[in-house]
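Chain and residue survey
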Amino acid sequence: MSEIRFPPLFKGEPLTGPADPFDRAIALAIAGTDAGTVVYNLDGPQLRASLVFAPEQPLEQAMTALPVCGLGLQAALGALAPPEVAVHLTWDGGVKVNGASCGRFRMKASSVLPEAVPDWLVVGLELGMVSPEENPGADPERTYLSEEGCAEITAPALLEAWVRHSLYWINRWLDEGMRPVHDDWRALVSEIGEEIDIDGKAGTFVGVDEHFGMLLRQDADTILIPLSSRLET
């Protein structure tokens, strides 16, 4: 496998075998690794990678890293996949390709206090490249890139593209604020306007607040579910 190249200020740490990049990235973040560290494992049927952030904002604002990385993945697949491949995101980090679940994002931070500035924040990506099953079409709600006309996309090429496009969106977020992130992300979230059940609460997902907290309408009331509630603890 050729060397994976990342943009300036990003550095990679490859893993092999069953090692989990999300766990490793968290351990490195706790130890004080630099922001921009990319821990990845391309063994097996999944692309697994994690980015380490060092936020300078309170946690609830820093959670924008999740939609930013989602936009980066959508742009990466848009550049590498055939034009008929549709990529959508879910509010809580799910990735859908042609309407079926293909992967997810995960997040963990040094603090779960919304107003605290975390020492570190890790965004992890798990994306199905090829099916590990003998009958990959058995579950219509689950898919893999190889089943959606993307068999020629390699994990190293997609990893490079994801980091590169995520950096583009990080820079837009920092330079232009939340509006461009909001505008493009909303166009990719197919759940908006639908009836959903989340955390034992049922209602209509009517949109998000400025920090991507879910606005859930229940009869005459609208409740807020902060995006930070999706952090792993």
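Our structure is the block above this text.
Residues numbered from 1 in each chain as written. Predicted model: local features only at pLDDT ≥ 70, side-chain atom pairs only at ≥ 80, totals over all residues. Heavy atoms only, no water.

**Description of helix α3 (residues 65-80)**
Owing to its 3.6 residues per turn, the α-helix brings residues three or four apart onto one side. Put simply, the rule is: Going along the chain from the N terminus, every DSSP run of H or I of four or more residues is numbered as a helix, and every run of E of two or more is numbered as a strand. How far a helix is expected to stretch is found by multiplying one less than its residue total by 1.5 Å. Using a 1.4 Å probe on the protein chains alone, a residue whose accessible area is under 20% of its type maximum counts as buried, one over 50% counts as exposed, and one in between counts as partly exposed.
When the terminal C-alpha atoms of α3 are compared, their 22 Å separation across 16 residues agrees well with the 22 Å that a helix rising 1.5 Å per residue should span. Restricting attention to buried positions, one finds in α3 the residues Ala-65, Leu-66, Pro-67, Val-68, Cys-69, Gly-70, Leu-71, Gly-72, Leu-73, Ala-76 and Leu-77.

**Let's talk about the packing of α3 against helix α5 (residues 179-186)**
The condition that has to hold: Between N-to-C directions, angles span 0 to 180 degrees; the directions come from axes that are lines fitted to C-alpha atoms, helices contributing only their stretch in contact. Any angle that falls under 35 degrees is termed roughly parallel, while one over 145 is termed roughly antiparallel, one within 65 to 115 roughly perpendicular, and all others oblique. Each crossing gets its handedness from the near helix: less than a right angle anticlockwise from the far helix is left-handed, clockwise is right-handed. Note on contacts: a residue pair qualifies if any of its non-hydrogen atoms lie within 4.5 Å across the two residues. As a working rule, the residues Ala, Val, Leu, Ile, Met, Phe, Trp, Tyr, Cys and Pro are called nonpolar, Asp, Glu, Lys and Arg charged, and the rest polar, with Gly in that last group.
Their axes nearest at 10 Å, the elements α3 and α5 cross at an angle of 55°. Taken together, the axis directions place α3 and α5 in an arrangement best described as oblique. Of the two elements, α3 crosses α5, and the hand of that crossing is left-handed. Contact residues: Pro-67, Val-68 and Leu-71 in α3; Val-181, Asp-184 and Trp-185 in α5. Of the residues in the contact of α3 with α5, the class split is five nonpolar, no polar and one charged.

**Examining the pairing of strand β7 (residues 121-128)**
Selection criterion: Strand pairing follows a simple DSSP-based rule, namely that at least 2 bridges must link the two strands.
Counting buried positions along β7 yields eight of eight residues, so the element is predominantly enclosed. Of the two faces of β7, the one holding Leu-121, Val-123, Leu-125 and Leu-127 and the one holding Val-122, Gly-124, Glu-126 and Gly-128 are both buried throughout. Judged from the eight bridges that link them, strand β3 (residues 46-53) and β7 form a sheet pairing that is antiparallel. Bridged to Val-52 within β7 is Val-122. Pairing analysis gives seven bridges linking strand β6 (residues 100-109) to β7, with the strands arranged antiparallel. Counterpart to Lys-108 in the pairing with β7 is Val-122.

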